[in-house]
Amino acid sequence: MNLLLTAVVQGLIMGLVYALVSLGLGLIWGVVDVVNFAHAEYMMWAMYATYFAVAGFHLDLLAALPIVVALGFLAGVCTYAVLIRRIMSAPAVTQIFTTFGLLFFLRYSAFAAFGPDFRGITWPPAGGSVLILGVPIGAAQVDAALAALITFGLLHAFLQWTKTGKALQATAQNPAAALALGIEVERMYMLAWGLSIATAAVGGAFLLTFYQVSPTVGDAFLLLMFASVVLGGFGSVLGPLLGGVVIGLVESVAGNLVSPTFKLALVFGALLLVLFLRPGGLLGQERRG
Amino acid sequence: MAADGRGGDQAVSARAAEAAPDGALLVVRDLHAGYGGQEVLRGITLCVRPGEVVCVIGPNGAGKSTLLKTIFGFLRATRGAITFDGVSLLGRRPPEILRSGITYVPQGISTLPNLSVDDNLRLAAYVRRDRQVRDDIERLLDAFPALRARRRLRARTLSGGERRILEVARVLLLDPRLVLLDEPTIGLSGAAVEFIYEKIGEFRRRGLAVLLVEQNARTALRHSQRAYVLEQGRVRFEGGGEEILQHPEVRRAYLGGRA
Ligand SMILES: Nc1ncnc2c1ncn2[C@@H]1O[C@H](COP(=O)(O)OP(=O)(O)OP(=O)(O)O)[C@@H](O)[C@H]1O
Ligand SMILES: [Mg+2]
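These numbers were taken from a predicted model, which means no experiment stands behind them. (Residues numbered from 1 in each chain as written. Chains lettered and ligands numbered in written order. Predicted model: local features only at pLDDT ≥ 70, side-chain atom pairs only at ≥ 80, totals over all residues. Heavy atoms only, no water.)

K.L.:
Help me out: how do you make sense of the overall build of chain A in this one?
P.N.:
A count of helical and extended segments in chain A gives eleven helices and two strands. From first element to last, N terminus to C terminus, chain A shows the α and β order α-α-α-α-β-β-α-α-α-α-α-α-α. Computed over the C-alpha atoms, the radius of gyration of chain A is 19 Å, within 12% of the 19 Å expected from 2.2 N^0.38 for a compact globule of 289 residues. Seen through its C-alpha atoms, chain A measures out along the principal axes to roughly 55 × 50 × 35 Å. Expressed as a percentage of the 289 residues in chain A, the buried residues total 53%. (Helix = DSSP H or I, 4+ residues; strand = E, 2+ residues; numbered from the N terminus. Rg over C-alpha atoms; globule rule 2.2 N^0.38 Å. Buried < 20%, exposed > 50% of the residue type's maximum accessible area, 1.4 Å probe, protein only.)

K.L.:
When you look at the side chain of T185(B) in this model, what are you seeing that I'm missing?
P.N.:
By the element assignment, T185(B) lies in the loop between β7 (178-182) and α8 (190-205). Look at T185(B) and you get buried, because its relative accessible area is 2%.

K.L.:
Please clarify how the interface of chain A and chain B should be interpreted in this entry.
P.N.:
How big an interface is tends to be stated in terms of accessible area lost as the parts join. Of the residues lining the interface, 19 residues belong to chain A; the matching set on chain B comes to 26 residues. Buried surface at the junction of chain A and chain B, both sides included, amounts to about 2,000 Å², of which 59% is carbon and sulfur. Together, K163(A), Q173(A) and L181(A) form the three largest contributors to the area buried by chain A at its contact with chain B, with a combined 30%. Our count for the chain A to chain B interface comes out at two salt bridges. The salt bridge partner of D119(B) is K166(A), with a shortest N-O separation of 3.1 Å. Applying the counting rule to chain A against chain B returns six residue pairs in polar contact (both at pLDDT 80 or more). Going through the elements one at a time, α6 (163-173) and α7 (175-180) of chain A are the ones with two or more residues in the side of chain A that touches chain B. At six residues, the largest contribution of residues to the side of chain A that touches chain B is made by α6(A). In the side of chain A that touches chain B, the residues fall into nine nonpolar, six polar and four charged. (Contact = heavy atoms within 4.5 Å. Buried area = accessible area lost by both parts, 1.4 Å probe. Salt bridge = Lys/Arg side-chain N within 4 Å of Asp/Glu carboxyl O. Polar contact = N/O pair within 3.5 Å; in protein donor to acceptor, adjacent residues only side chain to side chain. Nonpolar A, V, L, I, M, F, W, Y, C, P; charged D, E, K, R; others polar.)

K.L.:
Would you take a moment to explain the domain arrangement of chain A for this structure?
P.N.:
Residues and elements named next belong to chain A. Along its sequence, chain A is organised into domain 1 (21-84 + 137-216) and domain 2 (221-289). Measuring from the centre of the C-alpha atoms in domain 1 to the corresponding centre in domain 2 gives 20 Å. In this assembly, 24 residues from domain 1 lie in contact with 16 residues from domain 2. Its largest share of buried area at the contact with domain 2, domain 1 owes to S22, W29 and F152, together 28% of the area lost on that side. In this assembly, domain 1 and domain 2 are joined by zero salt bridges. Where domain 1 touches domain 2, the interface holds one residue pair in polar contact (both at pLDDT 80 or more). Every element with two or more residues in the side of domain 1 that touches domain 2 is listed here: α1 (2-31), α2 (39-56), α5 (139-161) and α6. The element best represented in the side of domain 1 that touches domain 2 is α1, accounting for eight residues. Taken together, the residues that form the side of domain 1 that touches domain 2 break down as 16 nonpolar, seven polar and one charged. (Domains from an automatic or database assignment.)

K.L.:
Please clarify how the coordination of the magnesium ion (ligand 2) should be interpreted in this entry.
P.N.:
Each donor-metal-donor angle in an ideal tetrahedron of four donors is 109.5 degrees, and each such angle in an ideal octahedron of six donors is either 90 or 180 degrees. At this site the magnesium ion (ligand 2) is bound by S65(B) (OG) and Q107(B) (OE1), with donor distances of 1.9 to 2.1 Å. Separated by 42 residues along the polypeptide, S65(B) in helix α2 (residues 64-71) and Q107(B) in the loop between β6 (102-105) and α4 (117-124) bring together distant segments of the chain. (Donors = N, O, S within 2.8 Å, 3.2 Å for Na, K, Ca; no water.)

K.L.:
Hey, could you run me through the sheet that holds strand β3 (residues 53-57) of chain B in this one?
P.N.:
Paired through their backbone hydrogen bonds, the strands of a sheet run either parallel or antiparallel. Residue and element names in this part refer to chain B. Taken together, the six strands give an open sheet; going across it, the order is β6-β7-β8-β3-β9-β10, and neighbouring strands pair in mixed fashion. The two strands at the open ends of the sheet, each matched to only one other strand, are β6 and β10 (234-240). The mean angle between the axes of side-by-side strands here comes to 15°, regardless of whether they run parallel or antiparallel. Here six bridges tie strand β9 (residues 226-231) to β10, and the two strands are oriented antiparallel to one another. Within β10, the position partnered with E231 by the bridge is R234. Relative to the sheet, α8 contacts β3, β7 and β8 (209-213), its axis offset from that of β8 by approximately 145°. (Pairing = 2+ DSSP bridges. Axes fitted to C-alpha atoms, helices over the stretch in contact; angles between N-to-C directions.)

K.L.:
Would you take a moment to explain empty space enclosed by the protein for this structure?
P.N.:
Rolling a probe over the atoms, with the probe sized like a water molecule, indicates the empty space that remains. For the coordinates displayed, the defined rule picks out one cavity of 30 Å³ or more. In this model, the largest cavity occupies a volume close to 110 Å³. Forming the walls of the largest cavity are 14 residues, and the residues nearest its centre are A180(A), L181(A), T103(B), Y104(B) and R170(B). Elements with a contribution of two residues or more to the lining of the largest cavity: α7 of chain A together with β6 of chain B. The dominant element in the lining of the largest cavity, judged by the number of residues it contributes, is β6(B), at three residues. Its residues assigned to classes, the lining of the largest cavity shows ten nonpolar, two polar and two charged. (1 Å grid on protein atoms, 1.4 Å probe; cavity = no way out; pocket = protein on both sides within 12 Å on 5 of 7 lines; lining within 4 Å. Points joined across faces, edges and corners; volume = space filled by probe spheres on them.)

K.L.:
Explanation requested: the sheet that holds strand β2 (residues 38-48) of chain B in the structure shown.
P.N.:
All names here are of chain B. The strand order across the open sheet built from four strands is β2-β1-β4-β5, with neighbouring strands paired in antiparallel fashion. Since the sheet does not close on itself, it has two edges, and those belong to β2 and β5 (87-88), each with one partner. By the bridge criterion, two bridges tie strand β4 (residues 77-84) to β5 in an arrangement that is antiparallel. Its bridge partner being in β5, F84 is matched across the sheet by V87.

K.L.:
Would you explain a positive patch on the surface in this entry?
P.N.:
A cluster of basic residues, K163(A), R187(A), R99(B) and R129(B), forms a positive patch at the surface. Along the polypeptide, R129(B) turns up in the loop between α4 and α5 (133-143). Residue R129(B) is classed as exposed on the basis of its relative accessible area of 67%. (Patch = residues over 30% accessible without salt bridge, like charges linked within 9 Å, V, L, I, M, F, W, Y side chains within 5 Å. Areas by Shrake-Rupley, 256 points an atom, 1.4 Å probe, with all protein chains shown as cover. Lys, Arg positive; Asp, Glu negative; His and termini not counted. Charge placed at Lys NZ, Arg CZ, Asp CG, Glu CD.)

K.L.:
I would appreciate a short explanation of a nonpolar patch on the surface in the present structure.
P.N.:
Residue and element names in this part refer to chain A. A cluster of nonpolar side chains, contributed by L3, L4, V8, L257, V258, F262 and L266, occupies part of the molecular surface with about 580 Å² of accessible area. Mapped onto the nonpolar patch, the elements with two or more residues apiece are α1 and α10 (238-258). With three residues, α1 is the single largest residue contributor to the nonpolar patch. Note on placement: L3 falls in helix α1.

Printed below as a string of structure tokens:
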């Protein structure tokens with residue numbers, strides 16, 4: 001019983017972290033209708049940026065955070081403006097190869113720039129552990145989970161309560177109708193890319209407090225990101241949130257109670273089961289039209 | 001009535017290019033447009049005056065929707081001219097055209113399914129920057145009680161008729177001078193069709209110009225001051241609504257020949 005509780009609490013906390021790094025993938029997928037295979041690589045770059053800000057420039061993580069997030073936003077906007085804009089009406093295969101190409105470009109330029117070493121930081125406030133329902137959890141993980149909740153809260157509020165947020169939703173639901181209402185759809189796509197990579201940057205910065213970065217760090221995350229987004233469903237930020245948490249729970253419970261070897265098999269088994277029962281994901285909404 | 005749909009193209013466009021029709025708000029001259037290399041509009045000339053409902057009818061694929069899309073800037077004209085109140089619309093994008101006083105209700109569903117009726121109305125006023133939007137929406141909901149009852153529901157839960165009413169109603173939030181409507185009554189029940197035409201009549205009485213595309217030609221012609229019959233991207237006939245309704249050839253081809 002105690003073992004189960006431990007697994008559930010750990011899974012919940014890691015699930016929130018998965019949710020945070022997946023959020024942006026779901027956002028671009030939902031709004032821009034492009035699948036960004038390079039999403040985890042942006043997270044990796046944000047981890048390096050955080051590393052150099054903290055270890056190189058001796059900034060506190062919270063002082064580095066706004067810079068890293070702003071750089072992430074800018075990187076997202078530029079990616080759309082320079083690359084994605086040109087392939088918006090291209091066939092799906094072209095889009096897939098483009099973002100796959102971006103994945104390798106970002107990964108191997110990180111190899112070239114930083115080498116293959118693992119690097120990490122220590123952030124004093126994230127040292128030690130805290131008790132949640134009697135279960136000890138690393139403070140770093142808890143901080144990352146809190147950052148996830150705050151990021152989701154902010155994005156949700158932006159989408160629900162601001163005119164621009166509503167226009168972003170309109171663009172996701174029917175781009176031609178949005179354009180007919182005078183919404184600058186291109187600008188909305190750009191904004192979605194900016195927000196997407198900015199949230200990946202928040203995730204990367206907090207991840208670095210308990211997970212070391214190397215150019216291939218994305219491997220461990222990309223599939224979990226996809227699973228979270230597809231499992232949760234499109235159409236609101238709550239989809240990736242729920243999806244990430246479910247993935248984290250399944251992974252932790254399966255890893256602790258069944259066998260660590262099987263945990264990923266069980267995670268993707270759960271994903272297939274959900275898709276079999278609800279093809280649109282847990283919170284899926286009809287898209288377009 | 002100019003029935004020179006075939007060989008007379010050159011003559012028609014040359015004549016139209018000389019003088020803008022009296023008091024016309026929208027003038028389309030010798031308009032050519034299409035998709036990729038394929039030309040769909042092959043020299044359309046027409047005009048719409050303030051306080052006038054002008055209807056465009058024609059068979060499937062004639063280019064009716066393409067005409068409205070080109071006027072609203074969704075498609076680029078390859079030749080010809082479009083002017084609105086004397087100013088050329090060529091090369092402008094939809095948001096700019098919207099701001100200049102034209103609204104467009106596309107064919108098919110254009111409500112935002114996962115947003116509430118209220119949000120759909122607020123977004124209809126997206127380009128407005130003033131503080132009157134809230135009041136205007138309340139006044140609009142007074143005029144459309146069916147929508148008031150459903151204002152908090154997602155648009156996807158509306159019936160086809162309610163959705164069309166929302167699409168037509170929200171036009172008023174921008175106080176346009178010209179309204180482009182693409183098949184506003186398709187698939188609607190008799191009562192809903194009547195309601196939509198009643199509102200179109202009100203638009204006209206307020207001095208708006210309405211350019212209407214319809215499949216339901218008979219009803220549309222009865223409610224229009226003037227009409228154009230499109231065929232394969234050209235104007236085949238034009239004239240008063242009643243005149244077209246009575247024209248033997250049009251009746252045979254498009255109105256099933258019955259009275
Ligand atoms: N997006 C598009 N890409 C390529 N061709 C198109 C596109 N939309 C329409 N067409 C073609 O252009 C021609 C005119 O289409 P349009 O939609 O303007 O016809 P319409 O008169 O509105 O017909 P309907 O009564 O069926 O709505 C058709 O041959 C159609 O196949
Ligand atoms: Mg059409």
